[in-house]
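This is what each chain is made of:
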Amino acid sequence: MFPVTPRKDKTPAFTGSGTKAYRPHLSAATVLAALLAAPAGALVGKAAEPPGPALSPEGIEFFEKRVRPLLATKCFACHSERSGKEAGGLRLDTRAALLKGGNSGPALLPGDPGKSLLLHAVRHQEGTAKMPPGGKLPDAQIRDLEAWVKMGAPWPEGGGKGPGEREKGQLTIDNSQLSIVNSVRTHWSFRPLQMPAVPQVKDRNWAKTPIDAFVLAGLEKQGLKPGPEADRRTLIRRVTFDLTGLPPTPEEVDAFLVDRSPQAWEKVVDRLLASPHYGEAWGRHWLDLARYADTSGCNSDFPVPEAYRYRNWVIRSFNQDKPYDRFLQEQLAGDLLPAASDGERYEQIIATGYLATARRFGSLADEFHLTIEDILDNAGKSMLGLSLGCARCHDHKFDPISQKEYYALYGIFASTKFAFPGTEIPPERKDFVPLAPPTQVKAWEEWERSFAAARKQTGELERKVKQLEKDPKQSEALATARAGLAAAKNRVRELEAQPVRIDLAYAVQEGKPGNARLQRKGDPKNPGDEVPRGFLKVLGGQTLPPGATGSGRLELARWITDPANPLTARVMVNRIWQGHFGRGIVQTPNDFGTRGKAPTHPELLDYLAVKFVRSGWSIKAMHREILLSRTYRLASVDVPQNAARDPNNEWLWRYNRRRLPAEAIRDGMLAVSGALDRTMGGEHPFPPQPFKYTQHRPFYADYPTNRRSIYLMQQRIRKQPYLELFDGADPNAPTAERPISNTSIQALYMLNDPFVHEQGQRFAERVLAAAPETDARIRIAYRLAFGRSPEAEEIALGQEHLAAGRRALQTMNLTADQQERKAWASYLRVLLTSSEFLFLE
């Protein structure tokens, strides 16, 4: 689909490598056939459920988080076995009941929202009963139901009552949950970390490091042999993109090629780890998990000008090699940690932007419970590799997390005060945290109060004047009101002319401490028993000490980063491995529970995790451990006998060829063209406050820049256009793995987008200025774009392309110099959009 670098192998770009497999949904015919095939009487009473779609972890989680709570709170009161009601002959508390339907017919047709009566009812379509009776559901909840039906309506076994759904808030654990807890003793991810013995291998000469020994032991067990090592040019391009997200310069390639010392590769790795661009590349990995955005995510998607401070804190933390345990602690409780200076204290406050950047939903009070749920979901997946959100409405069906434990964690964040970015109602921002000494903060607070009072008075007087203008008898009162309004406006102008400004952080503070009450079926309007704040029993079960006066965030941060917690280190080293190999040792990086995949190399995972903790939680030391292995330096070439036995390369006999992420494609083009601005990004040029956006007119903007792609402004409601096109992270969810798509729109972007054309022109100017002869220019272009010299055939193909371009341009009203520049820009766009440029070998 993309233009191709003129090479002998003619390898096309985007040949489907990494394309996500399509999962078909159940068709109407499939469902009907299943119903007809059911035994007589099977649909009467407690029916045997027709077969549903294969239950993927994603489908189960979506149902448990989005659909079951919705049905329980909005539908079960009138349509469930427990309520004793079947209004319209319809029950909605089992999948079988939905498929059977009521007096109007089946309520659900999996895979087809348009023919599902349940969707007709909640959309309030004509000719159907409008449900629920209390008013139409919010659009977001209707979209959730539509998405669930499109999935094929996955519904885990167990009917409408999960093991944690208790009458009257009872917190006992039933047999199903006890069996889950007991099974944990044998599940690999919950076992204590222990350093495994490095295995003995047959080919001792091949294994240069313990990592190699673990990998080779697996290969030998499968009857496989590792493939050849990659050449030096391939390796330096691979590792430079891996660690910095940028291509190596020709000078860097040459220096590595001529360095024949035993430490040559080590020196390259150390140089790249010390680069300021390392933090930009690996900070992006963490921001994917933190679902970072520069807007709030409410229905009007208010801008948050201060959000960039957290983004830049993440980049600085990676560059400083901040110990990972401290990195997590500061994000959860930086404001509560001791600091040696004001600057350090401000940095730690900014770190809690991880919590503040949680998604916002509607008004400040009514829907804030959804923000806390978003935090628990994110922290569980990103830090622990657990789907905590599945325990919101009932005990987790697969992992040892009870609903009581969920609300033990919930209480910690309910005891926290969050900066509020504003929304349609109310639009006023509040509780942003000052980054200034107390005297400056006091002056700023006084100015803020005066300015708010003056604006409020102006608004009240404007309304009063409008009312008085309607009554001719109120001329005297109208004159007084107009005079007052003029004075109030003058006061606003005076304050605007002499503002008191200080730096603010989108962060959190301690709130009023207290335990949360369990929410029956996840409904905050249906509270159960109070739950003491604490941690998951399977990871220690710690609780706040008696008389604790804080929120519990600091204690939680220490529980999560306790070296005895077996998950935190395992999850992070798996993410680092995934960043270098394209796939983790555990291929479900956000799910280390019983529904996730088991590690392909469990001993290797534990070796890395123990080394990680022993190194002082040094992320850079873990990079070094992995990159100095021979396993990392394998070529991506095929070995037919290996491919026949291990086509998915589960046992790592070669390096996995993969497409560059969206940011590296764009940044690589900017770097090669010479247009890249390498300075750190700051605040975006948002419109002036106060913001006045609504759900019907939400904020939307795109601010072009030649800085690294990590500094592009990212919204929640509408993704940044380029990042959306090339599979950038979803800022609404913790993204552990980006999908890799291959679409015609991507090809059209490469052919037609002004950004690509601009980089082609800049690249042409750079090449034309570097040498006078065509052959020399082609060689320079190849070295800049690919880190190698072209072959003779490639030079000939380049000359042909340039000659054809010059002939085509002769018909245009252009000077000879303009024709030459355009011909070169056309040719160099071919290089920038080629398979060799877009893929990592």
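Residues numbered from 1 in each chain as written. Predicted model: local features only at pLDDT ≥ 70, side-chain atom pairs only at ≥ 80, totals over all residues. Heavy atoms only, no water.

### Describing the overall build of the protein chain
- The helix and strand tally for the protein chain stands at 32 helices and ten strands.
- For the protein chain, buried positions account for 52% of its 841 residues.
- Total accessible area computed for the protein chain in this model is approximately 36,900 Å², and 52% of it derives from carbon and sulfur atoms. (Helix = DSSP H or I, 4+ residues; strand = E, 2+ residues; numbered from the N terminus. Buried < 20%, exposed > 50% of the residue type's maximum accessible area, 1.4 Å probe, protein only. Areas by Shrake-Rupley, 256 points an atom, 1.4 Å probe, with all protein chains shown as cover.)

### Concerning the environment of Ala 264
- Mapped onto the elements, Ala 264 comes out in helix α10 (residues 264–273).
- Taking the relative accessible area as the measure of exposure, Ala 264 reaches 2% and is therefore buried.
- Dropping the residues within four chain positions of it, Ala 264 is found in contact with Arg 232, Phe 256 and Asp 259. (Contact = heavy atoms within 4.5 Å.)

### Some details on the side chain of His 79
- Mapping His 79 onto the fold places it in strand β1 (residues 79–80).
- Accessibility expressed as a relative area gives 10% for His 79, which makes it buried.
- Side-chain polar atoms of His 79 contact the backbone oxygen of Leu 90, separated by 3.0 Å.
- With residues up to four places along the chain from it excluded, the contact list for His 79 reads Lys 85, Ala 87, Leu 90, Arg 91, Leu 92 and Asp 93. (Polar contact = N/O pair within 3.5 Å; in protein donor to acceptor, adjacent residues only side chain to side chain.)

### Here we look at the confidence of the model for the protein chain
- Per-chain confidence: the protein chain averages 88 in pLDDT, with 88% of residues scoring 70 or above.
- Note that residues 158–178 has pLDDT below 50 and, in this model, 50 contacts with residues that lie over four places away or in other chains. (pLDDT = per-residue confidence, 0-100.)

### With respect to the packing of helix α8 (residues 232–244) against α10
- Where α8 meets α10, the closest approach of the two axes is 9 Å, and the angle between their N-to-C directions is 25 degrees. Taken together, the axes of α8 and α10 are roughly parallel relative to one another. As α8 runs across α10, the sense of the crossing is right-handed. Residue-level inspection shows Arg 232, Leu 235, Ile 236, Val 239, Thr 240, Leu 243 and Thr 244 of α8 in contact with α10, the latter providing Ala 264, Trp 265, Val 268, Val 269, Arg 271, Leu 272 and Leu 273.
- For the contact of α8 with α10, the residue count by class is ten nonpolar, two polar and two charged. (Axes fitted to C-alpha atoms, helices over the stretch in contact; angles between N-to-C directions. Parallel < 35°, antiparallel > 145°, perpendicular 65-115°, else oblique. Left-handed = near helix turned anticlockwise from the far one by under 90°. Nonpolar A, V, L, I, M, F, W, Y, C, P; charged D, E, K, R; others polar.)

### Examining the packing of aromatic side chains
- Going through the model one piece at a time under the given rule, you end up with 38 aromatic pairs.
- Centroid distance Tyr 722 to Tyr 749: 5.5 Å. Interplanar angle 45 degrees. Geometry classified as tilted. Residue Tyr 722 is located in helix α26 (residues 721–725), and its partner Tyr 749 is located in helix α27 (residues 744–752); the two are separated by 27 residues in the primary sequence.
- Accessibility expressed as a relative area gives 8% for Tyr 722, which makes it buried.
- For Tyr 749, a relative accessible area of 11% corresponds to the buried category.
- Feature note: the residues Tyr 278, Trp 286, Tyr 292, Tyr 310, Trp 313, Phe 318, Tyr 324, Phe 327, Phe 612 and Trp 617 constitute an aromatic cluster, connected by ring pairs. (Phe/Tyr/Trp six-rings, centres within 6.5 Å; stacked < 30°, edge-to-face > 60°.)

### Observations concerning the environment of Arg 762
- Mapped onto the elements, Arg 762 comes out in helix α28 (residues 754–770).
- Counting along the chain gives 92 residues from Arg 762 to Leu 670, while the straight-line C-alpha distance between them is 9.0 Å.
- Setting aside chain neighbours within four positions, we find Arg 762 in contact with Ser 673, Ala 675 and Asn 706.

### Re α27
- Where α27 is concerned, the buried positions are Gln 746, Ala 747, Tyr 749 and Met 750. Projected down its long axis, α27 shows its buried positions confined to an angular sector of 155 degrees, all on one face. Facing away from the buried surface of α27 by more than 90 degrees, the exposed residues are Ile 745 and Asn 752.
- The secondary structure elements touched by the buried residues of α27 are β9 (658–659), α25 (662–673), α26, α28 and α32 (835–838). (Arc of directions from axis to C-beta.)

### Topic: unusual backbone geometry
- The amide bond that connects Met 131 to the next residue, Pro 132, takes the cis arrangement and shows omega of -5 degrees.
- Tracing the backbone shows Pro 132 in the loop between α4 (117–123) and α5 (139–150).
- Note that the residue after Gln 689, namely Pro 690, is joined by a cis bond; omega there is 0 degrees.
- Mapped onto the fold, Pro 690 is located in the loop between α25 and α26.
- The phi angle at Trp 617 is positive, at roughly 60 degrees, despite the residue not being glycine.
- With respect to the secondary-structure elements, Trp 617 resides in the loop between α22 (602–614) and α23 (619–627).
- In this structure Trp 617 comes out as buried when scored by relative accessible area, which is 5%.

### Some thoughts on the environment of Leu 604
- Residue position: Leu 604 is located in helix α22.
- Classification of Leu 604 by relative accessible area gives buried; the value is 1%.
- With 390 residues separating them along the chain, Leu 604 and Phe 214 place their C-alpha atoms 5.9 Å apart.
- Those residues in contact with Leu 604, other than ones at most four positions away along the chain, are Ile 211, Phe 214, Val 215, Trp 577 and Ile 585.

### Remarks on the pattern of salt bridges
- If you walk through the whole model with that rule in mind, you get 42 salt bridges.
- The closest approach of N and O atoms between Arg 429 and Glu 306, which form a salt bridge, is 2.7 Å. Of this pair, Arg 429 sits in the loop between β3 (416–418) and β4 (433–434) while Glu 306 sits in the loop between α11 (276–289) and α12 (308–319), placing them 123 residues apart in sequence.
- Classification of Arg 429 by relative accessible area gives partly exposed; the value is 23%.
- Notably, a salt bridge pairs Lys 381 with Asp 377, separated by 3.3 Å at the nearest N-O pair. Linking Lys 381 with Asp 377, this pair stays in helix α16 (residues 368–384), spanning four residues, or about one helical turn. (Salt bridge = Lys/Arg side-chain N within 4 Å of Asp/Glu carboxyl O.)

### A closer look at the side chain of Arg 777
- Examined against the element boundaries, Arg 777 turns out to sit in helix α29 (residues 774–786).
- The buried charged residue Arg 777 lacks any salt bridge partner; its closest oppositely charged side chain belongs to Glu 820, at an N-O distance of 4.2 Å.
- The residues touching Arg 777, leaving out its near neighbours within four places in the chain, are Val 767, Leu 768, Ala 771, Pro 772, Glu 820 and Trp 824. (Lys, Arg positive; Asp, Glu negative; His and termini not counted.)

### Let's talk about the packing of helix α21 (residues 566–581) against α22
- It is the contact of α21 with α22, at a shortest axis distance of 9 Å, that shows an interaxial angle of 105 degrees. Classified by the interaxial angle, the pair formed by α21 and α22 is roughly perpendicular. Only Leu 604, Leu 605, Asp 606, Leu 608, Ala 609, Phe 612 and Val 613 of α22 make contact with α21, whose side of the interface consists of Ala 569, Arg 570, Met 572, Val 573, Asn 574 and Trp 577.

### Some thoughts on α8
- The terminal C-alpha atoms of α8 lie 18 Å apart, and with 13 residues this matches the ideal 18 Å at 1.5 Å per residue to within 8%.
- Of all 13 residues in α8, ten are buried; the element is thus mostly enclosed.
- Regarding α8, the residues found buried are Leu 235, Ile 236, Arg 237, Arg 238, Val 239, Thr 240, Phe 241, Asp 242, Leu 243 and Thr 244.
- You can read the cap of α8 off the contacts: a side-chain oxygen lies 3.0 Å from the backbone nitrogen of Arg 233, and it is on Asp 231. (Expected span 1.5 Å × (residues − 1).)

### Details of the state of the cysteines
- Under the criterion given, the structure shown has zero disulfides.
- Among the cysteines around Cys 75, which has no disulfide bond, Cys 78 carries the closest sulfur, lying 8.8 Å off. (Disulfide = S-S within 2.5 Å.)

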